[in-house]
Amino acid sequence: MKHTVYLSMGSNMGDRMYYLNRALSALTETGQVILMKQSAFYETSPVGGVVQDDFINLAAKISTDLSADALLDLIHQVEQKLNRVRLIHWGPRTIDIDILFFDEEQRKDDKLTIPHAEVFNRLFVLVPLLDVVDADFYALKQLQNAQQKLQDSEQALVKIEN
């Protein structure tokens, strides 16, 4: 069964664009993930209080036969292959890939929360995500309302022309 999944990706170490592009390629090269749509790249200031460089973020709409757990395992393999180190919570990273939505599944356990717990609270997730969702996406109104509320936040968000 094909699943429609929305991912958020970010990088703030080294060649940020390389890591984002390489992560997308690594996911699709497995033959288990099809990239349906990719957002623009956005440069964003970090959140969480850790002093670090700015991120480049994007969102991707993918299709996969993998379960949510199997996709998460694949994502962790890709992150590890691209030298992701988990030393500081919300700290610098070569690549960060989060599952935002997996079909219309709702789930919260020790391994995974769907929709992602912070999807409606972060402009750097919402703006790229709105680039890739369809007009009939089940949570579109909720995403737009959250974006409206966050527009006045202090976080900088700049679209990068590529």
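Definitions and limits used
- Residues numbered from 1 in each chain as written.
- Predicted model: local features only at pLDDT ≥ 70, side-chain atom pairs only at ≥ 80, totals over all residues.
- Heavy atoms only, no water.
- Helix = DSSP H or I, 4+ residues; strand = E, 2+ residues; numbered from the N terminus.
- Buried < 20%, exposed > 50% of the residue type's maximum accessible area, 1.4 Å probe, protein only.
- Contact = heavy atoms within 4.5 Å.
- Areas by Shrake-Rupley, 256 points an atom, 1.4 Å probe, with all protein chains shown as cover.
- Salt bridge = Lys/Arg side-chain N within 4 Å of Asp/Glu carboxyl O.
- Arc of directions from axis to C-beta.
- Phe/Tyr/Trp six-rings, centres within 6.5 Å; stacked < 30°, edge-to-face > 60°.
- Pairing = 2+ DSSP bridges.

Looking at the overall build of the chain
- What the chain contains, in helices and strands, is four helices and eight strands.
- The N-to-C order of helical and strand elements in the chain reads β-α-β-β-β-α-β-β-β-α-α-β.
- When each of the 162 residues of the chain is scored for burial, the buried share is 46%.
- Within the chain, residue pairs in contact and separated by at least 24 positions form 69% of the contacts whose partners lie at least 6 positions apart.
- Surface exposure of the chain reaches about 8600 Å², of which carbon and sulfur atoms provide 48%.

Comments concerning the pattern of salt bridges
- All chains considered together, the criterion is met by nine salt bridges.
- Between aspartate 65 and lysine 2 there is a salt bridge, with its nearest N and O atoms 3.6 Å apart. You can see aspartate 65 sitting in the loop between β4 (55-64) and α2 (68-81) and its partner lysine 2 sitting in the segment before β1 (3-11), a full 63 residues away along the chain.
- According to the relative accessible area criterion, aspartate 65 is partly exposed, its value standing at 49%.
- Note that aspartate 134 and lysine 61 form a salt bridge whose closest N and O atoms lie 2.6 Å from each other. Taken together, the positions of aspartate 134 in the loop between α3 (123-132) and α4 (140-150) and lysine 61 in strand β4 put the pair 73 residues apart, joining distant regions of the chain.
- One network of salt bridges, with partners in common, ties together Asp69, Asp73, Glu105, Arg107, Asp109 and Lys111.

Description of α4
- Along α4, the residues that are buried comprise Leu140, Leu143, Ala146, Gln147 and Leu150. Take α4 and look down its axis: the buried residues cluster within an arc of 130°, on one side only. Facing away from the buried side of α4 by more than 90 degrees, the exposed set consists of Lys141, Gln148 and Lys149.
- Looking at the buried side of α4, the elements it contacts are β5 (96-102) and α3.

Let's talk about the packing of aromatic side chains
- Across all of its chains, the model carries seven aromatic pairs by this definition.
- Ring centres 4.8 Å apart and planes at 65° place the aromatic pair tyrosine 6 and phenylalanine 137 in the edge-to-face group. Linking tyrosine 6 in strand β1 with phenylalanine 137 in the loop between α3 and α4, this pair joins segments that are 131 residues apart in sequence. There is no split in this pair, since tyrosine 6 and phenylalanine 137 are both buried.
- Among the aromatic residues, those joined into a cluster by ring pairs are Tyr6, Phe101, Phe120, Phe137 and Tyr138.

Quick look at the environment of alanine 40
- The topology assignment puts alanine 40 in the loop between β2 (33-38) and β3 (41-44).
- Judged by its relative accessible area of 14%, alanine 40 falls in the buried class.
- What alanine 40 contacts, discounting residues up to four positions off in sequence, is Asn57, Leu58, Asp131 and Lys159.

Here we look at the pairing of β5
- Most of β5 sits inside the fold, with six of its seven residues counted as buried.
- Across six bridges, the pairing between β1 and β5 is antiparallel. Along β5, the bridge assignment pairs valine 5 with phenylalanine 102.

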